[in-house]
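Here is how the chains run, residue by residue.
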Amino acid sequence: MNHKTLRKLYWIATIIFALWLIGDGLAGVFQVQAGKDSLVQLGYPMYVLVITGVAKVLAAIAILQTRYRTIKEWAFAGYAIDCLGAAASWLFIGGNTTNAVMAIVFLAIMFIPYYLWKRTA
């Protein structure tokens, strides 16, 4: 695949991923009921929703910017830690394994723009 095609795929995947991050982050900031229900099940305080929500919005901004590579790398790493922590939390409480699997699926989806970014950089 040539460089131009890879760059187009990178931007498509990155924009879709960033929009998903912003949507998920805003849902946390505004504390939608599904997020509140999950936190109650997991035993976490409600403010965790706001903290992770703000972090996801900032991660989307960091992923979309092109100047600071280290910040972008840390945004991807932070999201990976968030997904792994979510999966582990669901497994540790013996809860719904579907939620744990979904966290891993979202982690796998994150690797698409990450991989394309590394290929085009």
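The structure this text deals with has already been given above.
Residues numbered from 1 in each chain as written. Predicted model: local features only at pLDDT ≥ 70, side-chain atom pairs only at ≥ 80, totals over all residues. Heavy atoms only, no water.

1. What to know about a nonpolar patch on the surface
A surface patch of nonpolar side chains, about 400 Å² in accessible area, is lined by Val101, Met102, Val105, Ile109 and Ile112. Along the chain, Ile112 falls in helix 5 (residues 97-120). The exposure class of Ile112 is partly exposed, given its relative accessible area of 47%. (Patch = residues over 30% accessible without salt bridge, like charges linked within 9 Å, V, L, I, M, F, W, Y side chains within 5 Å. Areas by Shrake-Rupley, 256 points an atom, 1.4 Å probe, with all protein chains shown as cover. Salt bridge = Lys/Arg side-chain N within 4 Å of Asp/Glu carboxyl O. Helix = DSSP H or I, 4+ residues; strand = E, 2+ residues; numbered from the N terminus. Buried < 20%, exposed > 50% of the residue type's maximum accessible area, 1.4 Å probe, protein only.)

2. Some details on unusual backbone geometry
Although it is not a glycine, Gln31 adopts a positive phi angle of roughly 50 degrees. With respect to the secondary-structure elements, Gln31 resides in the loop between helix 1 (3-29) and helix 2 (33-42). Residue Gln31 is classed as partly exposed on the basis of its relative accessible area of 27%.

3. Observations concerning the side chain of Lys56
Following the sequence through the fold, Lys56 ends up in helix 3 (residues 47-64). Contact partners of Lys56, with chain neighbours within four places excluded, come to Leu21, Asp24, Gly25 and Asp82. (Contact = heavy atoms within 4.5 Å.)

4. Observations regarding the nonpolar core
Across soluble globular proteins, nonpolar side chains show a tendency to be buried alongside one another. Within the largest apolar cluster, 20 residues are counted, with the highest numbers of intra-cluster contacts made by Phe17, Leu21, Ile63, Phe76, Tyr79 and Met110. Listed by contribution, the elements that provide at least two residues to this core are helix 1, helix 3, helix 4 (69-92) and helix 5. Beyond its immediate stretch of four places on either side in the chain, Phe17 contacts Ile63, Phe76, Tyr79, Met110 and Pro113. Counting residues in hydrophobic clusters, the runner-up holds five residues, among them Leu42, Ala87, Trp90 and Ala100. (Core = buried A, V, L, I, M, F, W, Y, C linked by side-chain atoms within 4.5 Å.)

5. Looking at the packing of helix 1 against helix 5
Where helix 1 contacts helix 5, the axes come no closer than 9 Å and their chain directions differ by 145 degrees. Considering only the axes of helix 1 and helix 5, their crossing is left-handed. Residues His3, Leu6, Arg7, Leu9, Tyr10, Ala13, Thr14, Phe17 and Trp20 of helix 1 pack against Phe106, Met110, Ile112, Pro113, Leu116, Trp117, Arg119 and Thr120 of helix 5. Split by residue class, the contact of helix 1 with helix 5 holds 12 nonpolar, three polar and two charged. (Axes fitted to C-alpha atoms, helices over the stretch in contact; angles between N-to-C directions. Left-handed = near helix turned anticlockwise from the far one by under 90°. Nonpolar A, V, L, I, M, F, W, Y, C, P; charged D, E, K, R; others polar.)

Purely geometric numbers; function is a separate question.
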